[in-house]
Amino acid sequence: MQKLTFLITGLILLISCQKNNLKSVETISSNTDYCQHVNPFIGTNKMGHTYPGATAPFGMVQLSPQTNFEVMYNPDGSYNGKTYEYCAGYQYKDSIIIGFAHTNFSGTGHSDLGDFLIMPTNGELILDPIKTPKGNKGFYSNYSHKNESASPGYYSVNLEDYNIKAELTASERVGFHQYTFPKSNDSHIILDLLYNVYHHKNKNVWSFIRIENDTLITGYRQTKGWARTKKIFFALKFSKPFKSYGHKKYNNETYDGFYRRFDQTKNFPEIAGKDIRAYFDFDTKENEKIKIKFALSSVSTAGALKNLETEIPHWEFEKTKEETKEQWNNELSKIDIKTISPEDKITFYTALYHTMLSPIIYEDVDGQYRGLDQNIHVSDNFTNYSIFSLWDTYRALHPLFNIFQTDRNNNMIKSMLAHYDQSVHNMLPIWSHYANENWCMIGYHATSVIADAMVKNVGDFNIEHALIASVNTSNVKYFDGLGHYLKYHYVPDDKSHSSVSKTLELSYNDWCIAQIAKQNGNTNLIKEYKNRSEYYNNVYDKKIGYMRPKLSDGTFRKNFDPLDTHGQGFIEGNAWNYGLYVPHQLDKMIKMMGGKEKFSIHLDSLFTMSLEDKYIDKHEDITRDGIIGNYVHGNEPGHHIPYLYNWTGKPHKTQECVRMIMETMYGPDQNGLCGNDDAGQMSAWYIFSSLGFYPVTPGSDKYAVGSPLVKEAVIHLENQKTLTIKVKNQSKTNIYVQNITVNGQKIESNELTHNDIINGGEIIFEMNSIPIK
C-alpha cells in the first residue's frame, strides 16, 4: 500500500501545483447563477454517453443534437459496435450534426429513443441524413465547437453548411426550437420519423402524421427496440405557415388499400407508413427566425397539444429559456458549495445537474399516462415517472434523492408501485422506460430504493403495499435464475449466466425486503428474508478465497479465472472486484475472507495491480478510462469498494482512494466522466464523495465517511432545515480526516447517520496531510 500512497500523494501534489494559480471559489449568493458552473458537455466524449441538449429538471423532453446515424447490425447480421458510442445520440469527436431529437437517455450502457428528429436546411431538398442513394452528401451539416454552446435548458450551434443558427430550449413536456435562416426560396424543415438511436430495420413499427393546417402537425410513432412496445405522440406548431410539404417512405408498401388512388408524396394531409421522412418548405428572409414548439405525450395527440398549450402558450423563446434556467437554478441551489478550485465547482454542479436528468416525468399535464399494461391511467396523488435504471441508480442516486429530492423520490416509488399493479408478472420494475419493462441487468433493486426510503422515513407511500410488491417480485421463479436461487439457495452456473453476481445481488435484495418487513412489523418475513440474505455464503470458495461459480451438483466450477470479466459467473466485473459485494454484511464478509488485515491487503492489490487487456476486451462497459489497477470505477458494481477500508481499521486508505478517484476519474470538460454516467449514478457517487460520505449500504441509515473535496457545503433540505458542512484546513494535499463533529459532538466511528444529515445543523471535518493510522 506504500506504493499506492506514494502514487496518490504525488498525483495530488501535481494537481495542486497545476491549479495553485486559481483562487478559491466563494459561496454563491442567493441571486447568483448556479447554471454558470454547469458544463453539459462533460461526459459527451468517449463513453460518458451524456448529451448536451436542452431539457428541464427531470423533463420528458430531452432536445439534443444527433451527430451520426449508426444502425445496430452490419449487413451480415453481426452487431455493429459503433452503435454503442451513440447511446445518447451525440459524440463530441464528431464534426457533423444530422438533426435534433426530442428524446435521449443520459449515460446509459444500452439505448433506445432518438424520437422525432428535426433538421433545418436550405437549397436542394435532400432527405437522407448521411448519404443519398447515389452516394452524394446527405442533409447533415458540418459544425464547429467554436460555434456551439450549452447550458442548463439551452443549446445553440451554427449549422455551417446552411448558414443557419439553431437554438433549443425546453419546458418539461415541450421542445422549443428557434432557427435563424438566411434569405432563400428553398428553406426546409425535415421531420425524420425513420431515425432512431439503436436503429435496426424492424425498429419502426408504424408512424402516422396529420397535417392539421399550415402550422399544426400531429402524429405518433410506435417502435420495437429496447422498449418492446413504445408509442409516443406529438404535436408540432410552426411560428409561420409553410408553403408546401411532402414525404418519402423508405419501406416497401405491401398493401395500401384505396389510398393508392392519391399521390400521397406531396401536399396530402395524411402520412402513414413504417419508415418516413417528411419535409416542410418555406420562403425565408435574411435572418428570419422560424420557431417550432414540439410537445410529447404517451397518451394521445390531444394530450400532446394540451401539454403544448399549457406549458408554452406563447412564441417567446427567451422567456421559456429563462424560465427553464430558473428551474435549474432552483434545483442546483439546494446544495451551495465552496470549492478549492473553479474546476471542482464545475465538476460538482455538472454532476448535480446530471443526477436530475432522469428518471423523467412521464405523464401529461392532466395526469394521464400510458401504463405498463398499455392502458391509459391517471396518476392519483402522485406524479408518474419513468426511466428506472435500477441496477445502477439504487446505489447512490436514489439515496441522494432521499436527502435533496425527497418529494420526487416518493413519487418515483409510487410510480414503481403503479408499475407493479399494472404488471402481468406481478413484479416491481427491473429496468423500465416508456411504459415498458426491458429486463436489463440483474436483481430486483426497486426493493433497495423502497427500503432506503422507508428506513430514512421518506415518503407517504403505502408500506404494506410496498412489502407485498417486494415479496411477490422476489418469488417469480421464471425471472432470470430466481427459481434456481430459491431451490438451491444460490444461482447455479450451469443453470443461469452471471450466477455469482445474481446470487450476491439477490442476497442483498432479500436483506432489503427484510428491512421493509421490519418496518411493517412482520416477524415471519423478517426471519425468512434474513435467512435468504445469507445465501451469498454458498458461492464463496474458502479454498481459493474468492466468490466462485457453483454448479447445480454443489461443486465449484472448474476452469475459473478470478481476473477474467467474461464468462466467469460475473456481469461486468470479476471475482476480484464484484466478489466484494456483500454490502449488508460487510463485517461477516471480511471475516469470511480472512479478516481485516488480509482483506486490506486484497484491497491494496486491487488498486495497484495490472489488469491485462484480455480480461476486459469483451466488454463495452469496461474501458481503460475507468480502471485503476483492477478497480473499475467506470462501472457500478465496485462503487462501494473504496469505502471498505473503513471496515478494516484503515480509514485513511479510504480517504486516499476516494480523493484519488475524484481527482482522476472526473473533470470539468468533455472527457470528465471515466465511463457511462448510467442515468446519474456515476455523478451521484461524486456528489456524495465530495460532501464527505457515501451510502455503502442503501437500506440502512448509515453513511461511510470518506474525504470531502468541498471546502463548505450548505444543503437546503426539503424539511425546511439546513445542513452546513464545513471542512477545516481543506486543500489538495490535506486529504486525511483528523476529526469530525456533528453539532459539536465528536464522532468516534467512521460513519454518519441519516439523522445527522436530515436534522440539519453543522458537520465539521478537520483535515490534515498526515493520516491517522
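Above this text is the structure in question.
Small disclaimer: the values here were computed from a predicted structure and weren't measured.

*Asks:* Before we go on, may I ask you to explain the sheet that holds strand β31 (residues 693-694) in this structure?
*Replies:* The pairing of strands in a sheet happens through backbone hydrogen bonds and is either parallel or antiparallel. Spatially, the three strands line up as an open sheet ordered β31-β32-β37, and their pairing is antiparallel. The open sheet is flanked by β31 and β37 (751-753), the only strands paired with a single partner.

*Asks:* Would you take a moment to explain helix α7 (residues 406-422) for this structure?
*Replies:* Side chains three or four residues apart in an α-helix point the same way, a direct result of the helix having 3.6 residues per turn. With 17 residues, α7 ought to run about 24 Å at 1.5 Å a step, and its terminal C-alpha atoms sit 24 Å apart, in line with that. α7 sits mainly inside the fold: 15 of its 17 residues count as buried.

*Asks:* Where do I start with the pairing of strand β32 (residues 702-705) in this structure?
*Replies:* Taken residue by residue, a regular strand's side chains alternate between the two faces of the sheet. By the bridge criterion, two bridges tie β31 to β32 in an arrangement that is antiparallel. Paired with Tyr694 across the strands is Ala704, a residue of β32. Relative to β37, β32 runs antiparallel, the two being bridged by three bridges. Its bridge partner lying in β37, Ala704 is registered against Glu751.

*Asks:* Would you mind showing me how to read the sheet that holds strand β13 (residues 216-223) here?
*Replies:* What the nine strands build is an open sheet, ordered β7-β8-β9-β10-β18-β14-β13-β12-β16; its pairing is antiparallel. Each edge of the sheet is formed by a strand with only one pairing partner; in this case those strands are β7 (148-151) and β16 (270-273). Taking each pair of neighbouring strands and ignoring which way they run, the sheet shows an average axis angle of 15°. Where β13 meets strand β14 (residues 230-238), eight bridges bridge the pair, whose relative direction is antiparallel. Bridge pairing links Arg221 to Ile232 in β14. Sheet contacts for helix α2 (residues 301-311): β10 (174-181), β13, β14 and β18 (288-297); angle to β14, the most-contacted strand, approximately 45°. Most of the contacts of helix α3 (residues 317-332) go to strand β9 (residues 164-170), to which it runs at about 45°, and overall it touches β8 (154-159), β9, β10 and β18.

*Asks:* Explain a negative patch on the surface here, please?
*Replies:* A grouping of Glu316, Glu322, Glu323 and Glu326 is seen on the molecular surface, where their side chains present a negatively charged patch. Mapped onto the fold, Glu323 is located in helix α3.

*Asks:* Could you clarify how one ought to interpret unusual backbone geometry in this entry?
*Replies:* Of all residues except glycine, most have a negative phi; of all peptide bonds, most are trans. Cis rather than trans, the peptide bond between Ser358 and Pro359 has omega equal to 0°. Of note in the backbone geometry, Tyr434 takes a positive phi value of approximately 50° without being a glycine. Topologically, Tyr434 is positioned in the loop between β25 (431-433) and β26 (436-437). Phi angles above zero are rare outside glycine, and Glu572 is one such case at about 55°. Checked against the element boundaries, Glu572 lands in the loop between β28 (546-547) and α13 (586-592).

*Asks:* Would you take a moment to explain the packing of aromatic side chains for this structure?
*Replies:* Aromatic rings considered in pairs are described by the distance between their centres and by the relative angle of their planes. With the rule as written, the count across this model stands at 52 aromatic pairs. Taking the centre distance of 5.3 Å and the plane angle of 70° together, the rings of Phe176 and Phe317 count as edge-to-face. Residue Phe176 is found in strand β10, and its partner Phe317 is found in helix α3; the two are separated by 141 residues along the sequence. Between Tyr666 and Trp685, the ring centres sit 6.0 Å apart and the planes meet at 5°, which makes this aromatic pair stacked.

*Asks:* Help me understand the pairing of β14 in this model?
*Replies:* Of all nine residues making up β14, seven are buried, and the element is well covered by its neighbours. What sits between the antiparallel neighbours β13 and β14 is a turn of six residues. Pairing of β14 with β18 involves six bridges; the strand directions are antiparallel. Paired with Phe238 across the bridge in β18 is Ile292.

*Asks:* When you look at the packing of helix α15 (residues 651-664) against helix α16 (residues 681-691) in this model, what are you seeing that I'm missing?
*Replies:* The relative placement of two packed helices is expressed as an angle between their axes plus a distance between the axes. It is the contact of α15 with α16, at a shortest axis distance of 11 Å, that shows an interaxial angle of 130°. Between α15 and α16, the crossing angle belongs to the class labelled oblique. Considering how the two elements wind past one another, α15 and α16 form a crossing that is left-handed. Between α15, through Val658, Ile661 and Met662, and α16, the contact on the second element is made entirely by Trp685, Tyr686, Ser689 and Ser690. Along the lines of polarity and charge, the residues of the contact of α15 with α16 split into five nonpolar, two polar and no charged.

Conventions adopted
- Residues numbered from 1 in each chain as written.
- Predicted model: local features only at pLDDT ≥ 70, side-chain atom pairs only at ≥ 80, totals over all residues.
- Heavy atoms only, no water.
- Pairing = 2+ DSSP bridges.
- Helix = DSSP H or I, 4+ residues; strand = E, 2+ residues; numbered from the N terminus.
- Expected span 1.5 Å × (residues − 1).
- Buried < 20%, exposed > 50% of the residue type's maximum accessible area, 1.4 Å probe, protein only.
- Axes fitted to C-alpha atoms, helices over the stretch in contact; angles between N-to-C directions.
- Contact = heavy atoms within 4.5 Å.
- Patch = residues over 30% accessible without salt bridge, like charges linked within 9 Å, V, L, I, M, F, W, Y side chains within 5 Å.
- Areas by Shrake-Rupley, 256 points an atom, 1.4 Å probe, with all protein chains shown as cover.
- Salt bridge = Lys/Arg side-chain N within 4 Å of Asp/Glu carboxyl O.
- Lys, Arg positive; Asp, Glu negative; His and termini not counted.
- Charge placed at Lys NZ, Arg CZ, Asp CG, Glu CD.
- Phe/Tyr/Trp six-rings, centres within 6.5 Å; stacked < 30°, edge-to-face > 60°.
- Parallel < 35°, antiparallel > 145°, perpendicular 65-115°, else oblique.
- Left-handed = near helix turned anticlockwise from the far one by under 90°.
- Nonpolar A, V, L, I, M, F, W, Y, C, P; charged D, E, K, R; others polar.

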